[in-house]
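One letter stands for each residue in the lines below.
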Amino acid sequence: MDIDNLVRMANRIGDYFAAYPDRDEAAVSIARHIEMFWTPQMRRALLDLATTEARTQALQPLVAHAVARHLARPAATHDQG
């Protein structure tokens, strides 16, 4: 998975919701959009990125806030056989 592409996509989502006058509402909306339209693997990669200080700087502040505060980590999938 290309993390640079995920960052670019997340920041474009942030661009759209940055127009919201309420920052918390915008952050919740960003997280909701990512949860609805991104695969669990994409969300997991973005969350992993958000825990890496150097890479977090690639995210817009509003997107970083949304990821850190509002985006739920996808449940791990396990083979049950």
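Described below are features of the structure shown in this document. Please read all numbers here as calculations on a predicted model, not as lab measurements.

**A word on the overall build of the protein chain**
Line of reasoning, step 1. In terms of helices and strands, the protein chain carries five helices and zero strands.
Line of reasoning, step 2. Looking at the 81 residues of the protein chain, the share that counts as buried comes to 37%.
Line of reasoning, step 3. Across the protein chain, every contact between residues at least 6 apart in sequence was considered, and the portion connecting residues at least 24 apart equals 73%.
Line of reasoning, step 4. Carbon and sulfur atoms provide 50% of the accessible area of the protein chain, an area that totals close to 5,300 Å².

**Points about the side chain of Arg43**
Line of reasoning, step 1. With respect to the element layout, Arg43 can be found in helix H3 (residues 40–50).
Line of reasoning, step 2. There is no salt bridge for the buried Arg43, and the closest opposite charge comes from Glu35, which lies 5.6 Å off by N-O distance.
Line of reasoning, step 3. Among the polar contacts listed, one links the side chain of Arg43 to the backbone oxygen of Glu35, at a separation of 3.4 Å.
Line of reasoning, step 4. Setting aside chain neighbours within four positions, we find Arg43 in contact with Ile34, Glu35, Trp38, Leu71 and Pro74.

**Examining the packing of helix H1 (residues 3–17) against H3**
Line of reasoning, step 1. With their axes 10 Å apart at the nearest point, H1 and H3 run at an angle of 90° to one another. One element, H1, and the other, H3, form an angle in the roughly perpendicular class. Touching Ile3, Leu6, Val7, Met9 and Ala10 of H1 are Met42, Ala45, Leu46 and Leu49, all from H3.
Line of reasoning, step 2. Counted by class, the contact of H1 with H3 contains nine nonpolar, no polar and no charged residues.

**Let's talk about the packing of helix H2 (residues 23–37) against helix H5 (residues 61–70)**
Packed helix pairs are specified by the crossing angle of their axes together with the interaxial distance, meaning the distance between the axes.
Line of reasoning, step 1. At a minimum axis separation of 8 Å, H2 and H5 run at an interaxial angle of 70°. Taken together, H2 and H5 sit at an angle that is classed as roughly perpendicular. Counted together, Arg23, Asp24, Ala26, Ala27, Val28, Ile30, Ala31 and Glu35 of H2 and Pro61, Leu62, Val63, His65, Ala66 and His70 of H5 form the full contact between these two elements.
Line of reasoning, step 2. Classifying every residue of the contact of H2 with H5 gives nine nonpolar, two polar and three charged.

**Brief notes about the nonpolar core**
Most often, soluble globular proteins keep nonpolar side chains buried together rather than apart.
Line of reasoning, step 1. Ile30, Ile34, Trp38, Leu46, Leu59 and Leu71 are the most contacted members of the largest nonpolar core, which has 23 residues in total.
Line of reasoning, step 2. Broken down by secondary-structure element, the contributors of at least two residues to this core are H1, H2, H3 and H5.
Line of reasoning, step 3. Sequence-distant contacts of Leu59, defined by excluding residues within four places in its chain, comprise Val7, Ala10, Asn11, Leu46, Leu49 and Ala64.

**Let's talk about the packing of aromatic side chains**
Line of reasoning, step 1. What the rule picks out here adds up to two aromatic pairs.
Line of reasoning, step 2. Summarising the aromatic geometry, the rings of Tyr16 and Phe17 are spaced 4.8 Å apart at their centres and angled 90° between planes, so their arrangement reads as edge-to-face.
Line of reasoning, step 3. When the ring of Phe17 is compared with that of Tyr20, the centres are 5.2 Å apart and the planes differ by 80°; the resulting orientation is edge-to-face.
Line of reasoning, step 4. We classify Phe17 as buried; its relative accessible area is 9%.
Line of reasoning, step 5. Tyr20 sits in the partly exposed class, given a relative accessible area of 28%.

Calculation notes
- Residues numbered from 1 in each chain as written.
- Predicted model: local features only at pLDDT ≥ 70, side-chain atom pairs only at ≥ 80, totals over all residues.
- Heavy atoms only, no water.
- Helix = DSSP H or I, 4+ residues; strand = E, 2+ residues; numbered from the N terminus.
- Buried < 20%, exposed > 50% of the residue type's maximum accessible area, 1.4 Å probe, protein only.
- Contact = heavy atoms within 4.5 Å.
- Areas by Shrake-Rupley, 256 points an atom, 1.4 Å probe, with all protein chains shown as cover.
- Lys, Arg positive; Asp, Glu negative; His and termini not counted.
- Salt bridge = Lys/Arg side-chain N within 4 Å of Asp/Glu carboxyl O.
- Polar contact = N/O pair within 3.5 Å; in protein donor to acceptor, adjacent residues only side chain to side chain.
- Axes fitted to C-alpha atoms, helices over the stretch in contact; angles between N-to-C directions.
- Parallel < 35°, antiparallel > 145°, perpendicular 65-115°, else oblique.
- Nonpolar A, V, L, I, M, F, W, Y, C, P; charged D, E, K, R; others polar.
- Core = buried A, V, L, I, M, F, W, Y, C linked by side-chain atoms within 4.5 Å.
- Phe/Tyr/Trp six-rings, centres within 6.5 Å; stacked < 30°, edge-to-face > 60°.

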